[in-house]
Every structure is written in C-alpha cells, then in structure tokens.
Amino acid sequence: MDYILVGVAALLLAFEFACSKKYQINEGTDISAGLKFNALSGILTVIVFFALSGFRFEFSLFSLIMAFAMATCAALYSLISFRVLKAGNMSV
C-alpha cells in the first residue's frame, strides 16, 4: 500500500511540473506569471476544499496563520519551480 501512495505522489508531482512547464511556455517565467499561476492554483484549491467541507466556511486564528504560511510556501515553490524549468527540461 505504501508503494502505491509513493507512486501516486510521484505521478502527481510529474503532472504538476508538466502543468507548470505548459504554463511557463504560454505565460513566461517572470514573477508576475508565477504569482498569477499561484493565484489560479489557490482559487482551484479553495473551490475543492470548500466542496469537501460540505460547503461550510469556518476558520480560526490558527487556520488563518497556517493558510498564510502555506500560501507563502506555495508561492516560493512556484517561483523556484519556474526557475528550475527555465534552466532545464523535464527529462533532466
């Protein structure tokens, strides 16, 4: 079972890099393109989690702080992955 989860995680990571590369080709690799990509990903994530929570909206100070930390990490991850994909192709 653990190997299946690792395999699924690897496939999803490859899919994420493929989407990032496709977006990079269409929009470029500057900071504004990275932030726009992150905003679009965030909107999609909000919709998915809102549906998974039964269309209820609840938050606390802790969840707000964690959301800010996660958004910061996601933005940095997107910007770094755009720079990595700019420097090399996916087969490397």
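Residues numbered from 1 in each chain as written. Predicted model: local features only at pLDDT ≥ 70, side-chain atom pairs only at ≥ 80, totals over all residues. Heavy atoms only, no water.

Caption draft 1: Spatial organisation of helix 2 (residues 31–52). Between the first and last C-alpha of helix 2 there are 31 Å, a value that for 22 residues agrees with the 32 Å anticipated at 1.5 Å per step. Listed as buried for helix 2 are Ala33, Gly34, Phe37 and Asn38. Axial view of helix 2: buried residues confined to an arc of 130°, hence all on one face. Across helix 2 from its buried face, at more than 90 degrees, point the exposed residues Ile31, Ile43, Val46 and Ile47. Of the surrounding secondary structure, the elements contacted by the buried residues of helix 2 are helix 1 (2–27) and helix 3 (61–87). (Helix = DSSP H or I, 4+ residues; strand = E, 2+ residues; numbered from the N terminus. Expected span 1.5 Å × (residues − 1). Buried < 20%, exposed > 50% of the residue type's maximum accessible area, 1.4 Å probe, protein only. Arc of directions from axis to C-beta. Contact = heavy atoms within 4.5 Å.)

Caption draft 2: A look at the environment of Ser81. Inspection of the secondary structure assignment puts Ser81 in helix 3. Looking at Ser81, the relative accessible area reads 3%, which means it is buried. Residues Ser81 and Ile25, spaced 56 residues apart in sequence, show a C-alpha to C-alpha distance of 13 Å.

Caption draft 3: How the structure looks around the packing of helix 1 against helix 2. Running from N to C, helix 1 and helix 2 point in directions that differ by 130°, and their axes come no closer than 11 Å. Considered as vectors, helix 1 and helix 2 are oriented oblique to each other. For the crossing formed where helix 1 meets helix 2, the hand is right-handed. The segment helix 1 lies against helix 2, with Glu16, Cys19, Ser20, Tyr23 and Glu27 engaging Ala33, Lys36, Phe37 and Leu40. (Axes fitted to C-alpha atoms, helices over the stretch in contact; angles between N-to-C directions. Parallel < 35°, antiparallel > 145°, perpendicular 65-115°, else oblique. Left-handed = near helix turned anticlockwise from the far one by under 90°.)

Caption draft 4: Region of interest: unusual backbone geometry. In this structure, Phe55 takes a positive phi of about 60° despite not being glycine. Relative to the assigned elements, Phe55 resides in the loop between helix 2 and helix 3. Of the residues examined, Phe55 reaches a relative accessible area of 58% and is grouped as exposed.

Caption draft 5: Quick peek at helix 3. Between its terminal C-alpha atoms helix 3 stretches 39 Å, which fits the 39 Å expected from 27 residues at 1.5 Å a residue. Along helix 3, the residues that are buried comprise Ala75, Ser78, Ser81, Phe82 and Leu85. Residues of helix 3 that are buried sit in contact with helix 1 and helix 2.

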